[in-house]
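Chains, contacts and geometry: an overview
What follows is each chain in one-letter form.
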Amino acid sequence: MYPSAVQEAYRAELASIREKGIFKEERFIHSPQAADIRVEFPRGADLKEVINLCSNNYLGLSSHPEVVAAAHRALDERGYGMSSVRFICGTQDIHKELEGKLTEFLGTEDTILFPSCMDANAGVFEAVLNEQDVMIADRLVHASMVDGMRLCRAKQDTYKHADMKHLEQKLQEHQDARIRMIITDGVFSMDGDLAPLDEICALADKYTAMVFVDDSHATGFMGKTGRGTHEHCSVFGRIDIITTTLGKALGGASGGCVSGRAEIVELCRQRARPYLFSNAVPPPIAGAALKVLEILSKTTERRDKLEANTKFWRRALAEAGFVIKEGDSPIVPIMLFNAKLSQDISRDLYREGIYVIGFFFPVVPAGQARIRTQMSADHDIPMLERAVESFKKVGAKYGILGLDKKGIIEKYGQ
Ligand code: PLP
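Described below are features of the structure shown in this document. Values in this document were obtained by computation on a predicted structure and should not be read as measured data. (Residues numbered from 1 in each chain as written. Predicted model: local features only at pLDDT ≥ 70, side-chain atom pairs only at ≥ 80, totals over all residues. Heavy atoms only, no water.)

Here the focus is the overall build of the protein. In terms of regular secondary structure, the protein is built from 16 helices and 14 strands. When its C-alpha atoms are laid out on the principal axes, the protein stretches across 60 × 55 × 55 Å. Here the protein holds 414 residues, and the buried ones make up 54% of them. Counting contacts in the protein only where the partners sit at least 6 residues apart, residues at least 24 apart contribute 69% of the total. (Helix = DSSP H or I, 4+ residues; strand = E, 2+ residues; numbered from the N terminus. Buried < 20%, exposed > 50% of the residue type's maximum accessible area, 1.4 Å probe, protein only. Contact = heavy atoms within 4.5 Å.)

Here's what the structure looks like:
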């Protein structure tokens, strides 16, 4: 029974999403994920070759021939799916091997795979914390951690984004809790900035707190050998819980993990609900992820190229006169402050053969609309030079080149 009143209410909600201009349209990609892709947008339009500046394919491994071949091999040798959760009959040797290799790569004590990092974050807090404990999270943590914290009975508190004074105050306030857990992203996905993990670890030592880092936008490329933000910030071995995804730099398919202290990982194996009640990572993904880690352990070539591309891109955009968010990560937001402007510019860039998406409230705070660009090791400098020219052309059309934040807001509103 689907009451017509309910149907009408849902239709009205959808209409209101459209009216507000925040309806998310999908674009259809007709090629493998890569630096240049073939896109159909809108539905039915001719296919267009575009430079892709908005994927999480940081290391360009999503369609790498060796990774694809490894997936094929695992598919042939171990089958398509497990038809089971891990603890019933869903664990193959390659799952254990992958957990071991991730542990080695991340420099932790143990690792447990989840169907996704969303699931890892949904399961981990509830598995290791109770009502005597407190979770103190950066205010900009990813939605998956927000959801995971909601499922957990521990007290919740937050500190202002990357504000160490505020975090210290919160740690002092919660000195009577059994466990204090500081929760942060390693790299924040919308701004591309890094958590100050060295300072966070120092505060954790001072106030006997545990540190949790979601390194989904860092594993594989941040740090000299790509281990993540803990390597970049020289706190390797000091993070108690790292969660990360196989769905971005590490091949880009799906899968995630909790990696860290041995007891925490074991408690997840016993209690984490997305681990106990959702299917094992499919064999082709486990096989391909093993190949990814083998490639990354042999050479830093890809993360080095990503770093060089990022430096080039940040410098070129700043020189062209765009307002960008400073940082070291390959996430480079171009600030526009006005939602409509972000949509207009991304649409014009698409016409120019550049695939980017404009983000605005509620994905980012109100008045902080932007186009988020992301570098990949698959880009090359000539490709990025072409992209910069397109950005300059469109930026000039809207008269924003050389304007600072105030200038853009005066011209377009916020
Ligand atoms: N954590 C962060 C910081 C993310 O950006 C994302 C995905 O966007 C996730 C977790 C979820 O990852 P997965 O796709 O593996 O569920």
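So, about the environment of glutamate 231. You can see glutamate 231 is positioned in helix 9 (residues 229–232). Along the sequence, glutamate 231 and threonine 245 sit 14 residues apart, while their C-alpha atoms lie 17 Å from each other. Other than its neighbours up to four places away in sequence, glutamate 231 contacts Met222, Gly223, Lys224, Thr225, Gly226 and Phe236. Within the structure, the side chain of glutamate 231 is placed 2.6 Å from the side chain of threonine 225, a separation counted as a polar contact. Engagement of the side chain of glutamate 231 in a polar contact is seen with the backbone nitrogen of arginine 227, the distance being 3.0 Å. (Polar contact = N/O pair within 3.5 Å; in protein donor to acceptor, adjacent residues only side chain to side chain.)

On to the sheet that holds strand 5 (residues 134–138), then. Ordered by their spatial adjacency, 7 strands build an open sheet running 4-10-9-8-7-5-6, and the pairing between neighbours is mixed. In this open sheet, the two edge strands, each paired with only one partner strand, are strand 4 (110–114) and strand 6 (155–159). Here the average twist between neighbouring strands, direction ignored, is 20 degrees. In this sheet, strand 7 (residues 180–185) lies alongside strand 5 in parallel orientation, the contact comprising 4 bridges. Paired with alanine 137 across the two strands is isoleucine 183, which belongs to strand 7. Against the sheet, helix 4 (residues 93–106) engages strand 4, strand 9 (241–245) and strand 10 (256–260), with an angle of about 125 degrees to strand 4. (Pairing = 2+ DSSP bridges. Axes fitted to C-alpha atoms, helices over the stretch in contact; angles between N-to-C directions.)

Note that aspartate 205 resides in helix 8 (residues 197–206). For aspartate 205, a relative accessible area of 55% gives the class exposed. For the pair aspartate 205 and arginine 238, spaced 33 residues apart in sequence, the C-alpha to C-alpha distance is 9.7 Å.

With that settled, consider the pairing of strand 14 (residues 369–374). Among the 6 residues in strand 14, 6 count as buried, and that is most of the element. Neither face of strand 14 is exposed, since Ala369, Ile371 and Thr373 on one face and Arg370, Arg372 and Gln374 on the opposite face are all buried. With 6 bridges joining them, strand 11 (residues 331–337) and strand 14 adopt antiparallel strand pairing. Across the sheet, the residue bridging to phenylalanine 337 is alanine 369, located in strand 14. Across 3 bridges, the pairing between strand 13 (residues 357–359) and strand 14 is antiparallel. Considered in strand 14, the bridge of glycine 358 is made with isoleucine 371.

The next subject is the site of the ligand. Near the ligand the following residues occur: Ser116, Cys117, Met118, His142, Ser144, Asp185, Asp214, Ser216, His217, Thr245, Lys248 and Gly255. A distance of 2.8 Å separates an oxygen atom of the ligand from a polar atom in the side chain of histidine 217. In this structure, an oxygen atom belonging to the ligand sits 2.8 Å away from a side-chain N or O atom of lysine 248. Calculation on the ligand without its partners gives an accessible area of 400 Å², and the protein chains cover 80% of this total. (Near = heavy atom within 4 Å. Areas by Shrake-Rupley, 256 points an atom, 1.4 Å probe, with all protein chains shown as cover.)

What follows covers the nonpolar core. Within the largest apolar cluster, 86 residues are counted, with the highest numbers of intra-cluster contacts made by Leu53, Leu98, Leu167, Ile200, Trp313, Ile345 and Phe391. The leading source of residues in this core is helix 12 (residues 283–298), at 9 residues. What isoleucine 345 contacts, discounting residues up to four positions off in sequence, is Leu336, Ile371, Val394, Tyr398 and Ile400. Core analysis: the next-biggest nonpolar cluster, separate from the first, contains 27 residues, Ala120, Val124, Met135 and Ala137 among them. (Core = buried A, V, L, I, M, F, W, Y, C linked by side-chain atoms within 4.5 Å.)

Here aspartate 191 is to be found in the loop between strand 7 and helix 8. Reaching out from aspartate 191, the side chain makes a polar contact with the side chain of arginine 370 at a distance of 2.4 Å. Residues contacting aspartate 191, with those up to four places away along its chain left out, are Leu140, Lys325, Ile331, Pro333 and Arg370.

A few words on the pairing of strand 5. Of all 5 residues in strand 5, 5 are buried; the element is thus mostly enclosed. Bridge count for strand 5 against strand 6 is 5 bridges, and the pairing is parallel. Looking at the pairing, methionine 135 lines up with glutamine 156 of strand 6. The handedness of the strand 5 to strand 6 crossover, carried by helix 6 (residues 143–150), is right-handed. (Right-handed = clockwise from strand over helix to strand, strands pointing away.)

Look at the link from phenylalanine 41 to proline 42: it is a cis peptide, with omega at -5 degrees. A positive phi angle is found at serine 234, which is not glycine, with a value near 55 degrees. Among the structural elements, serine 234 can be located in the loop between helix 9 and strand 9. At phenylalanine 337, a residue that is not glycine, the phi angle is positive and equals roughly 70 degrees. Mapped onto the secondary structure, phenylalanine 337 falls in strand 11. Given the relative accessible area of 4%, phenylalanine 337 is considered buried.

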